[in-house]
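A look at the structure
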Amino acid sequence: MIRIAAVLLGLSIALTGCGGSGPGESKAQDGPEGCVTDYAEGRDYFPDKSTVDESELWDISYHDSYKTITLADTEKAGGDPLRYVLHQCGTPKPKATGDLSGALFVQVPVTKVSVTSFNALAMVDRLGKNDTVTGLSGQLLGSAKTDAWYAGVVEDAGNPMSIGEYTDLDREAVLGLRTQAILMSGFGEGFDDVSNARSADLPGVSVSNRMEEHALASAEWIKMVGAFYNAESAANAEFKTIKSKFDKVVSTVSGKIDGREAGYLCVSAERGCEFVYGHGKETLAGRLLTELGTGNVFARDNDGPNGRAYDYEEAIGSGADADFFVVYDPMKMTLAALDSDPRMKRFQPVEKGDFIAGVDKNFEECRAKTYLDVDVLVRDFAIGLAPDLFPGEKGTCFVRSS
């Protein structure tokens, strides 16, 4: 539960983009930059726009001086959609009536954001907006102690404060930073991170790209994050580059590896996987394998967007036909798990070494980026499945053990 023993600064102050400074602020300063100084009704203040072409979970519309983002509430199946009204600094705030009633109103371009989602942090970094990050979850700050990419993001941000963890956000810290938006993970049913933040009158924004069924749809969420910065042009360009590289890999592999049986799984108890945790065909990774032309050994009775756990007997039965594995644990941890449990040898990909696992040195960076950098993800999968089609090339985030 979010701590609410806080100074009551008022949400209207917390969402202001052109005001004073607060403790722990980054290099970004509030001020007139990006604000309208000569408002005229009926003028279009967003010459650069985004369209949503791949995602099934969100959409955006433009209305002269404000834009509306509507997205599925992934924490509540069948619930009302979430709405964010992004109104241009220096223009009148729209009235919270009709479809806008209950929406989160955020003045843009944002200059003070907090982040608890590693996927969202990767998008902020790609857009070159790290200097707007004034608060980070303790987990993300902790990653900066061991991972060079996270350390670079924190350095760019200046001196971001810890704002707590997921559903245990420090309300006083968030409001004290005058946070305009908290970019949070929408993990799906059974989670309540974003719901709890909004219930506590905090500006939680759901970045639920990992719940998309298709890889390019996941990457397209950079446009959603970009809209908070009025950075549609940059976001559109980044997505175009990702899509071009992604399509090239799929074209290279198309029709050349049909008939292979693969699995995307976790095997390390250190990561909470007990014996095996496998992803079915309805997950992002599962659909990626299908797009490359492989079957999925964990598809049967596994329709959830996050996969499920398998005990020994069920895992061995399901994985009997597998000839390739993608293991989403770090390689060192993967090898240790395989060595410590001789039962793993019953899987053909383990016995023959026909699997790829996470690169140890940049595992945390890749964990943050792969649902955005799906062009890198699909290339790594393709190199593992058909190395002969990519002579001399090595994976970036997933590699073979030798």
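Residues numbered from 1 in each chain as written. Predicted model: local features only at pLDDT ≥ 70, side-chain atom pairs only at ≥ 80, totals over all residues. Heavy atoms only, no water.

**Comments concerning the confidence of the model for the protein**
Averaged over the protein, the pLDDT score is 89; the fraction of residues at 70 or greater is 92%. Throughout residues 1-31 the model reports pLDDT below 50, and contacts reaching past four residues in sequence, or to other chains, amount to 85 contacts. (pLDDT = per-residue confidence, 0-100. Contact = heavy atoms within 4.5 Å.)

**Quick look at the pattern of salt bridges**
Scanning the model with the defined rule gives 20 salt bridges in all. The closest approach of N and O atoms between Arg43 and Asp38, which form a salt bridge, is 3.6 Å. Assessed through its relative accessible area of 47%, Asp38 is described here as partly exposed. Arg287 is the partner of Glu282 in a salt bridge, and the nearest nitrogen-oxygen pair spans 2.4 Å. Overlapping salt bridges bring together Arg260, Asp323, Asp354 and Arg400 as one network. (Salt bridge = Lys/Arg side-chain N within 4 Å of Asp/Glu carboxyl O. Buried < 20%, exposed > 50% of the residue type's maximum accessible area, 1.4 Å probe, protein only.)

**Points about the pairing of strand 1 (residues 58-63)**
Burial along strand 1 is one-sided: Trp58, Ile60 and Tyr62 are buried, and none of Asp59, Ser61 and His63, which face the opposite way, are. Bridge count between strand 1 and strand 2 (residues 66-71): six bridges; the pairing is antiparallel. Looking across to strand 2, one finds that His63 is bridged to Tyr66. Linkage of strand 1 to strand 2, two consecutive antiparallel strands, is achieved through a turn of two residues, within which Asp64 is found at a positive phi near 60°. (Helix = DSSP H or I, 4+ residues; strand = E, 2+ residues; numbered from the N terminus. Pairing = 2+ DSSP bridges.)

**Re the state of the cysteines**
Evaluation of the coordinates by the stated rule reveals three disulfides. Here Cys266 connects covalently by a disulfide to Cys273, the sulfurs 1.6 Å from one another. On the sign convention where negative is left-handed, the bridge of Cys266 and Cys273, at about 90° about the S-S bond, is right-handed. Each member of the pair, Cys266 together with Cys273, is buried. One disulfide bridge connects Cys366 with Cys397, the sulfur atoms lying 2.0 Å from each other. As the torsion about the S-S bond is roughly -80°, the Cys366-Cys397 disulfide counts as left-handed. In this pair, Cys366 sits in helix 14 (residues 363-369) while Cys397 sits in the loop between helix 15 (374-385) and strand 18 (398-400), placing the two residues 31 residues apart along the sequence. A relative accessible area of 7% means that Cys366 is categorised as buried. The class for Cys397 is buried, based on a relative accessible area of 8%. (Disulfide = S-S within 2.5 Å.)

**What about the side chain of Glu212?**
Among the structural elements, Glu212 can be located in the loop between strand 11 (204-207) and helix 7 (215-219). For the buried Glu212, which has no salt bridge, the nearest side chain bearing the opposite charge is Arg287, at an N-O separation of 9.0 Å. Engagement of the side chain of Glu212 in a polar contact is seen with the backbone nitrogen of Glu56, the distance being 3.3 Å. Non-local contacts of Glu212, meaning those with residues more than four positions away in its chain, are made with Ser55, Glu56, Leu57, Trp58, Ala217, Ser218, Trp221 and Leu284. (Lys, Arg positive; Asp, Glu negative; His and termini not counted. Polar contact = N/O pair within 3.5 Å; in protein donor to acceptor, adjacent residues only side chain to side chain.)

**Some points on helix 15**
Across its 12 residues, helix 15 extends 16 Å between first and last C-alpha, which sits within 8% of the 16 Å expected from 1.5 Å per residue. The buried count for helix 15 comes to 10 of 12 residues, which makes it a mostly enclosed element. (Expected span 1.5 Å × (residues − 1).)

**So, the sheet that holds strand 6 (residues 133-136)**
Here we have five strands laid out as an open sheet, ordered 7-6-5-10-11, and parallel in their pairing. Whereas interior strands pair on both sides, the edge strands pair on one side only; in this sheet they are strand 7 (161-162) and strand 11. The pairing of strand 5 (residues 113-115) with strand 6 spans three bridges and is parallel. What sits directly across from Val115, in strand 6, is Leu136.

**A look at the packing of aromatic side chains**
Counting across every chain of the model gives 13 aromatic pairs. Taken together through their ring pairs, the aromatic side chains of Phe275, Phe298, Tyr310, Tyr312, Phe325 and Phe347 make up a single cluster. One Lys or Arg, Lys49, reaches over the ring of Tyr62 and ends 5.5 Å from the middle of that ring. Positioned above the aromatic ring of Tyr312 is the side chain of Arg343, whose terminal nitrogen or guanidinium carbon lies 4.6 Å from the ring centre. (Phe/Tyr/Trp six-rings, centres within 6.5 Å; stacked < 30°, edge-to-face > 60°. Lys NZ or Arg CZ within 6 Å of the ring centre and 35° of its normal.)

**Comments concerning the packing of helix 2 (residues 118-126) against helix 4 (residues 148-157)**
Between two packed helices, the angle of one axis relative to the other and the distance separating the axes together describe the packing. It is the contact of helix 2 with helix 4, at a shortest axis distance of 11 Å, that shows an interaxial angle of 60°. Crossing geometry of helix 2 relative to helix 4 is assigned as left-handed. Across the interface between the two elements, Phe118, Leu121, Ala122 and Asp125 from helix 2 touch Trp149, Tyr150 and Val153 from helix 4. When the residues that make up the contact of helix 2 with helix 4 are grouped by side-chain class, the tally is six nonpolar, no polar and one charged. (Axes fitted to C-alpha atoms, helices over the stretch in contact; angles between N-to-C directions. Left-handed = near helix turned anticlockwise from the far one by under 90°. Nonpolar A, V, L, I, M, F, W, Y, C, P; charged D, E, K, R; others polar.)

**Describing the packing of helix 9 (residues 232-253) against helix 15**
At a minimum axis separation of 8 Å, helix 9 and helix 15 run at an interaxial angle of 20°. The orientation of helix 9 relative to helix 15 falls into the category roughly parallel. Read as a crossing pair, helix 9 and helix 15 show a hand that is left-handed. Taken together, the residues of helix 15 that come into contact with helix 9 (itself represented by Ile242, Lys245, Phe246, Val249, Val250 and Val253) are Val374, Asp375, Val378, Arg379 and Ala382. Looking at the contact of helix 9 with helix 15 residue by residue, the class counts come to eight nonpolar, no polar and three charged. (Parallel < 35°, antiparallel > 145°, perpendicular 65-115°, else oblique.)

**Re helix 10 (residues 284-292)**
Within helix 10, the full set of buried residues consists of Leu284, Ala285, Gly286, Leu288, Leu289 and Leu292. Positioned one or two residues after helix 10, Gly293 has a phi angle of 105°, which is positive.

**Quick look at the environment of Glu274**
By the secondary structure assignment, Glu274 is in the loop between strand 12 (261-266) and strand 13 (276-279). A C-alpha to C-alpha distance of 8.1 Å links Glu274 and Ala309, two positions 35 residues apart in sequence. Sequence-distant contacts of Glu274, defined by excluding residues within four places in its chain, comprise Val267, Ser268 and Ala269.

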